[in-house]
Amino acid sequence: MREDATFLIRKQLDEEENIFALLTMGVFSGIPSPPTGVVLRILPHMSREISVMTRRSAGLDDVFAQTLGTFDID
Amino acid sequence: MKTYFFLGKGGVGKTTASAAWSVGLAQSGLKTLVASIDPAHNLGDAFAVRIGDRIMHVGDNLDAVEVNIEDMIRAYLDELSAKMKNTYRYLSAMNIDGYFDILKNSPGIEEYATMEAIKKFVALIGYDAVVFDTPPTGMTIRVLAMPRVSLLWTDQLIKMRKRILSTRGMVENVQGKFEAEVDGERVVLSSSEKEDPIMQELVSYREELRTLRDMFSSEQSYVNIVTMAEDLALFETKRIIESLGTFKIRVRTIFLNKFFAMANPPEEIKGKMEEQEGVIKRMKAEIRGIEVKDIPLLRKSPRGIDELLRVYSNYLV
Amino acid sequence: MTALIVLFAAAFYIFFYFTYGKSLERNVVRADGTRSTPAVRLRDDVDYVPANKFVLFGHHFASIAGAGPIVGPAIAVVWGWFPALLWVWFGNLFIGSIHDYLSLMASVRYDGKSIQHVSGELMGKSSKYIFEVYIYFTMILIVAAFMGVYGALASKSPEILTASVLFMVAAVVEGQLLYKTKLPFWLSSAIGVALTILSIVVGFLWPFIKCPNINLLYVFQVIYIILAASLPVWFLLQPRDYLNSYILWGGIIISSIAAVFAFRGFSWPAYTSFAARVISGQPSPFWPTVPLVIACGALSGFHSIVGSGTTSKQLDNELSGLFVGYGAMFMEGMLSTIVITSIGAFGLTVFQGFADKIAAAGFDLAKMKVDAGYFGQVGAAVINSKDIGIGGALGIFTKSFGQMLNVIKVPVKLGETLGGLWASAFVLTTLDTTNRLARYAFQELVEPLKKVSKGLHGVLADKWVASILAAVLGLWLITKGGNMYTALWAGFAGANQLLASIAMLTAATWVKKVQKVGKGMLAAVLIPTFVLWVTVFAALVWFLFVIVPVSAPALQVVLGGFVVLMLILDIMLVINFFRSWNQGQQNRATEA
């Protein structure tokens, strides 16, 4: 029941954490990134965000699978 | 505490100026530290003494140090690497050592390390004045701008982090504390700013940046340009002043170094001397509110504390 | 009679679940309780997390049950209740439920990848692209069709309009309670349910929101969907989805009870004619056009998307798949059965209540009661007539529903408002969903434009442009279409069935190449696949030559163009299928 009430919000949280990870650590993927200083400071605490980012990038070949579950079309 | 920055291209006499200035300050009774953050260190030559990367006493009231930026970067990255290895015990996706090699060459790492060095010395207790012999102009400007630039980004990251924490809070209101499995361990993901280590880092970093930014722009901070009396130098000097102006950093004094002061100049040099006159005139006319001092071309480069003191008394004050 | 039909349907589905269904599980899917599912193997507690099979059934069913299983049958009863029931039962049994079950299990075997991805793996990348194109174009049709359906209903029923608006307010309040306060979960939920019931009761007693002008309602819907898709999800969408599930289950329980205890005979004609005027007032041959009317409830391609989107990643055990995927589809069949039952038993009672208006509009109600053929000719016109004011397909359903609930002592209008909120809550959900989907779907679609004109691409790829464009195009279609939503509904259903075709072709390829199933069971999958493909192809051709020419001129181009596109893609699909059938294909799936 509780999962029902938060399904979409949790998906949004996942995406937000993914974006945060990409923004701060994009340097690892060739994305121009904020000044190194900021990155180095927060890097030791980013284990969750890194795993979110890694998981999302692995799933990028099938965006439908990741997103279409959130759409109620019928 | 007062801070002094001497900016300029390589070879204009920055090191001599900053060394002489530090000697003068020490002489007047202020406990002074002169630090070279220029990778091409010449401070030791100016003092005719070997200066290493540990602070050492070079005279009354006067300490000196030549910062090894490369080492600083390496040491910093090593420490980070150790911290990372501890935090990410088995992170499947990243080869940590490999990535840190990339970081060494990442744009901005040198600026960052230089800024950290400045921060370190400025925080030292026990000095009334710190004088910096800076890297070539371009790098120094980027360093001086860093707090402001980093602040913009840090503010945005803080905003973004707040959103994440707020979204987590909403899930928490329904499901209770949000737990997740990270690298094989169950971890509680907090939604409160006080408990989120990333938010804490961002906020404390922002504080440090603000302090540094305010320091660079404050009355206690003296940014000086050392240059030569040539046309191109004039253009460059104006550009530097403008750049720094956009970061709200004031230039106090322009030192025109290696000035030809001759009673009977030979033919070959007359043209140069005319150029000099022209440059000084225009400088004084076009650049307002900044003192212009000229330092003549000396017979030989000053070496040692006594000669540096003489330069200070004769030309710098 | 009502009880008979409902109980028969239940027995029908239960019987075939344990015979046909179990056989599929054993011989085609070869479900293995010891093989770990992606939910277990790839568990990350976000997308991949094993869920209890009853909970998962609930989620999956709530996702696939929308307004579709209600609207489709309510349009199809013009053929008579019997043919409609036949399709809901046998179409579901032979095609629909197999489609749902196999696409779910194929996805499970491919690590929870979407069925589109699987089709790309098995049949070549162009199949995946075809899938994507269908989805994007369908968005516009859905907007138009669903807006039409809701508009027809709400413009004639202030009670339902009031209730649905109040329900939106209730959802916003629920969002605040759930996510922004520390109230205990059970309390916030209870308040939410209470507010929902309140919306229905207030709508019933004081229907203060009236909107006789249907165009105003369309505009209201356009503004609503763009707004809903732009607000943060916690504000409206999430709490609304949450409350929707209460409405769904409440509605099903109440209607099942009422249907069983109604003890009413069916007065509605069992069979009117083979080519009753169902779609756009044109004679519509039952075969091949029934799939263009009854989609969900019998067969729906969107189910494969839902199944392979979320459900396949949460299946705890392969043996739960039958219950979740196959079972949920049967449940939806039950839902459609109840819809048909209520109209079958009470539809004519509703007509009787409108006797004067029907006569004034020039139709002979007495003749309709005795002459089934005549009924087939004018039934749809009576239902959709603005002058008579029944309110279209949803109107005949909600009014029959109200009559049916009256049997268990619920005031007719209250029951009607309940049914109306049920249907409209799901219609509105679908509408804003399509808008959200359209935002990024349009960007995918215009991607090739980058090479042609960067400027144009820049404009089109903007999410606001995509959002407004999708809503406005849908609006344009429904208003230009003379408010003949049946044509647009048929277009939507056609696209839906084509999605089902792709999924079935993929499932058939999987069954042959990966599962290497024997001839007998292979036929159980292949025959429905081809029947489906041929039926939909024929239906689309019929649509092109019969419906498009009588549509409003502006509509002809769009609808016609879309149908032609669908036909072309359909042919490409089958070519792909045959090619891959004969070649050896690389695959990474786990073999049974």
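Keep in mind that this is a model prediction, so the values were computed, not measured. (Residues numbered from 1 in each chain as written. Chains lettered and ligands numbered in written order. Predicted model: local features only at pLDDT ≥ 70, side-chain atom pairs only at ≥ 80, totals over all residues. Heavy atoms only, no water.)

**Examining the overall build of chain B**
Of the regular secondary structure elements, chain B holds 10 helices and 10 strands. Considering only C-alpha atoms, chain B reaches an extent of 90 × 40 × 35 Å along its principal axes. Expressed as a percentage of contacts within chain B between residues at least 6 apart in sequence, the contacts between residues at least 24 apart total 74%. For chain B, the exposed area adds up to about 15,500 Å²; of that, 52% sits on carbon and sulfur atoms. Of the charged side chains in chain B, 43 are positive and 45 negative; the average position of the first set lies 4 Å away from that of the second. (Helix = DSSP H or I, 4+ residues; strand = E, 2+ residues; numbered from the N terminus. Contact = heavy atoms within 4.5 Å. Areas by Shrake-Rupley, 256 points an atom, 1.4 Å probe, with all protein chains shown as cover. Lys, Arg positive; Asp, Glu negative; His and termini not counted. Charge placed at Lys NZ, Arg CZ, Asp CG, Glu CD.)

**With respect to the overall build of chain C**
Check the secondary structure of chain C and you find 25 helices and two strands. For 592 residues, the compact-globule estimate of 2.2 N^0.38 gives 25 Å, and chain C sits close to it at 23 Å. If you line up chain C on its principal axes, its C-alpha atoms span 65 × 60 × 55 Å. When the 592 residues of chain C are sorted by exposure, 64% land in the buried category. Expressed as a percentage of contacts within chain C between residues at least 6 apart in sequence, the contacts between residues at least 24 apart total 85%. Carbon and sulfur atoms provide 70% of the accessible area of chain C, an area that totals close to 19,500 Å². For chain C, the separation between the mean place of its 39 positive charges and that of its 26 negative charges on side chains is 2 Å. (Rg over C-alpha atoms; globule rule 2.2 N^0.38 Å. Buried < 20%, exposed > 50% of the residue type's maximum accessible area, 1.4 Å probe, protein only.)

**Regarding the packing of helix H11 (residues 237-262) of chain C against helix H14 (residues 321-353) of chain C**
All names here are of chain C. Packing of H11 against H14 brings their axes to within 10 Å, and their N-to-C directions diverge by 50°. Looking at the two axes, H11 sits oblique to H14. The crossing of H11 and H14 is left-handed. Residues Trp249, Ile252, Ser255, Ser256 and Ala262 of H11 lie in contact with H14, whose contacting residues are Met331, Leu335, Ile338 and Phe346. Residue classes in the contact of H11 with H14 are distributed as seven nonpolar, two polar and no charged. (Axes fitted to C-alpha atoms, helices over the stretch in contact; angles between N-to-C directions. Parallel < 35°, antiparallel > 145°, perpendicular 65-115°, else oblique. Left-handed = near helix turned anticlockwise from the far one by under 90°. Nonpolar A, V, L, I, M, F, W, Y, C, P; charged D, E, K, R; others polar.)

**Quick look at the packing of aromatic side chains**
All names here are of chain C. Considering all chains together, one arrives at 48 aromatic pairs over all chains under this definition. The positively charged end of lysine 180 is found above the aromatic ring belonging to tryptophan 234, 4.7 Å away from the centroid. Above the face of the tyrosine 374 ring, lysine 367 is positioned so that its terminal group lies 4.4 Å from the ring centre. (Phe/Tyr/Trp six-rings, centres within 6.5 Å; stacked < 30°, edge-to-face > 60°. Lys NZ or Arg CZ within 6 Å of the ring centre and 35° of its normal.)

**Considering the interface of chain C and chain B**
The partner chain B presents seven residues to the nine residues of chain C that form the contact. On the chain C side of the interface with chain B, the three residues burying the most area are Asp45, Tyr179 and Phe185 of chain C, jointly 53% of the side's total. At the junction of chain C with chain B, the criterion picks out three residue pairs in polar contact (both at pLDDT 80 or more). If you tally residues by element for the side of chain C that touches chain B, the top one is helix H8 (residues 158-180) of chain C, at three residues. Here the side of chain C that touches chain B is built from residues that sort into five nonpolar, one polar and three charged. (Buried area = accessible area lost by both parts, 1.4 Å probe. Polar contact = N/O pair within 3.5 Å; in protein donor to acceptor, adjacent residues only side chain to side chain.)

**Quick look at the sheet that holds strand E2 (residues 32-36) of chain B**
Residue and element names in this part refer to chain B. Sheet architecture is open: eight strands sit in the order E3-E4-E2-E5-E1-E8-E9-E10, paired in mixed fashion. Two strands close off the open sheet at either side, each with one partner strand: strand E3 (56-59) and strand E10 (291-296). Going from strand to strand, the sheet's axes swing by 25° on average, the running direction of each strand aside. Pairing geometry for E2 and strand E4 (residues 62-66), over five bridges, is parallel. Looking at E4, one finds that leucine 33 is bridged to aspartate 63. On the sheet, helix H5 (residues 109-122) packs against strand E1 (2-7), E2, E4 and strand E5 (129-133) and is oriented at approximately 160° with respect to E5. (Pairing = 2+ DSSP bridges.)

**Here we look at a negative patch on the surface**
The grouping of Asp53, Glu70, Asp71 and Glu110 of chain B at the surface amounts to a negative patch. Mapped onto the fold, aspartate 71 of chain B is located in helix H3 (residues 69-87). (Patch = residues over 30% accessible without salt bridge, like charges linked within 9 Å, V, L, I, M, F, W, Y side chains within 5 Å. Salt bridge = Lys/Arg side-chain N within 4 Å of Asp/Glu carboxyl O.)

**Focus on the side chain of lysine 293 of chain B**
Residues and elements named next belong to chain B. Locating lysine 293 in the fold gives a position in strand E10. The exposure class assigned to lysine 293 is buried, which follows from its relative accessible area of 14%. For lysine 293, the side chain forms a polar contact with the side chain of glutamate 291, separated by 2.6 Å. Those residues in contact with lysine 293 that lie beyond four places of it in its chain are Thr253, Ile254, Phe255, Leu256, Tyr315, Leu316 and Val317.

**As for the confidence of the model for chain C**
Averaged over all residues, the pLDDT of chain C is 86; the fraction at 70 or higher stands at 95%. Confidence metrics for the complex model read pTM 0.80 and ipTM 0.84. (pLDDT = per-residue confidence, 0-100.)

**Considering the environment of alanine 361 of chain C**
Structurally, alanine 361 of chain C can be placed in the loop between helix H15 (355-360) and helix H16 (365-370). Considering only alpha carbons, one finds alanine 361 of chain C and serine 103 of chain C, 258 residues apart in sequence, at a separation of 48 Å.

**Some words on the environment of alanine 471 of chain C**
All names here are of chain C. Topologically, alanine 471 is positioned in helix H22 (residues 463-480). The exposure class of alanine 471 is buried, given its relative accessible area of 0%. Contacts of alanine 471, omitting those with residues within four sequence positions, involve Val143, Met147, Val222, Ile225, Ile226 and Asn435.

**A short note on the pattern of salt bridges**
Counted according to the given criterion, the structure contains 35 salt bridges over all chains. Among the salt bridges present, the one from arginine 161 of chain B reaches glutamate 49 of chain A, with a minimum N-O distance of 2.8 Å. Here glutamate 49 of chain A lies in helix H3 (residues 47-58) and arginine 161 of chain B lies in helix H6 (residues 137-175), a pairing that spans two chains. The class of arginine 161 of chain B is buried, set by a relative accessible area of 1%. Residue class for glutamate 49 of chain A comes out buried when judged on its relative accessible area of 2%.

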